[in-house]
Amino acid sequence: MAKQDAPLTGEALIKEVCRRIRVARSYWDAHNNAACRGERDRAIFLYNTLSKEQKEQIPQVLRVWLRYRSEKYFGAHRTPPKSARKSK
């Protein structure tokens, strides 16, 4: 996706957060953990820029999935991902 000139605001930002969470979920379902982690990170970054009222406009199913995956599978207590290359 190309870089945008102006940052997203309002409804466009809410739609983008929802889209990124849905993309992360599709990567998760496809067992593509690296791509899921990247999309989840982008979704959380955008989600954290929302106000409380805007966060409530995100469907609850998406908010729950984002929190559950973030804490359980990608939290600080988990081992960070390894590089793709094996070191000998």
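What counts, and at which threshold
Residues numbered from 1 in each chain as written. Predicted model: local features only at pLDDT ≥ 70, side-chain atom pairs only at ≥ 80, totals over all residues. Heavy atoms only, no water. Helix = DSSP H or I, 4+ residues; strand = E, 2+ residues; numbered from the N terminus. Buried < 20%, exposed > 50% of the residue type's maximum accessible area, 1.4 Å probe, protein only. Contact = heavy atoms within 4.5 Å. Areas by Shrake-Rupley, 256 points an atom, 1.4 Å probe, with all protein chains shown as cover. Lys, Arg positive; Asp, Glu negative; His and termini not counted. Salt bridge = Lys/Arg side-chain N within 4 Å of Asp/Glu carboxyl O. pLDDT = per-residue confidence, 0-100. Core = buried A, V, L, I, M, F, W, Y, C linked by side-chain atoms within 4.5 Å.

Undergrad: Sorry, what's going on with the overall build of the chain here?
TA: If you tally the helices and strands in the chain, you get 4 helices and 0 strands. Helices (α) and strands (β) of the chain occur, in sequence order from the N terminus, as α-α-α-α. Here the chain, with 88 residues, has 30% of them falling under the buried criterion. Sequence separation of 24 or more characterises 60% of the internal contacts of the chain that already satisfy a separation of 6 or more. Here the chain has roughly 6800 Å² of accessible surface; of this, 52% comes from carbon and sulfur atoms.

Undergrad: Any chance you could explain the side chain of R63 here in plain terms?
TA: Summarising the element assignment, R63 is placed in helix α4 (residues 60–72). Of the side chains bearing the opposite charge, E56 lies closest to the buried R63, which forms no salt bridge; the N-O distance is 6.3 Å.

Undergrad: I'm lost on the pattern of salt bridges in this one. Help?
TA: Opposite charge on two side chains permits them to pair, given that their charged atoms come into close proximity. Inspection of the entire model under this criterion finds 5 salt bridges. In this structure, R19 engages E16 in a salt bridge whose closest nitrogen and oxygen atoms are separated by 2.8 Å. Within this pair, R19 and its partner E16 are both found in helix α1 (residues 10–29), separated by 3 residues, close to a single helical turn. Among the residues examined, R19 registers a relative accessible area of 33% and is labelled partly exposed. In the salt-bridge network here, residues are joined through shared partners; they are E16, R19, R20, E39 and R42.

Undergrad: I keep staring at the confidence of the model for the chain and nothing clicks. Help me out?
TA: Low-confidence regions, as indicated by low pLDDT, have predicted coordinates that should not be scrutinised in detail. Averaged over every residue, the pLDDT of the chain is 80; the share at 70 or more is 68%. Of all the helices and strands in the chain, α4 carries the lowest mean pLDDT, 81, while helix α3 (residues 52–57) carries the highest, 91.

Undergrad: Even after reading the chapter, I still don't get the nonpolar core, so can you show me in this structure?
TA: Across soluble globular proteins, you tend to see nonpolar side chains buried next to one another. Within the largest apolar cluster, 16 residues are counted, with the highest numbers of intra-cluster contacts made by V17, I21, Y47, L50, I58 and W65. Contributing elements (two or more residues each) for this core: α1, α2 (33–47) and α4. In terms of residues, this core owes the most to one element, α1, which gives 7 residues. Beyond its immediate sequence surroundings of up to four residues, W65 is in contact with I21, A24, R25, W28 and C36.

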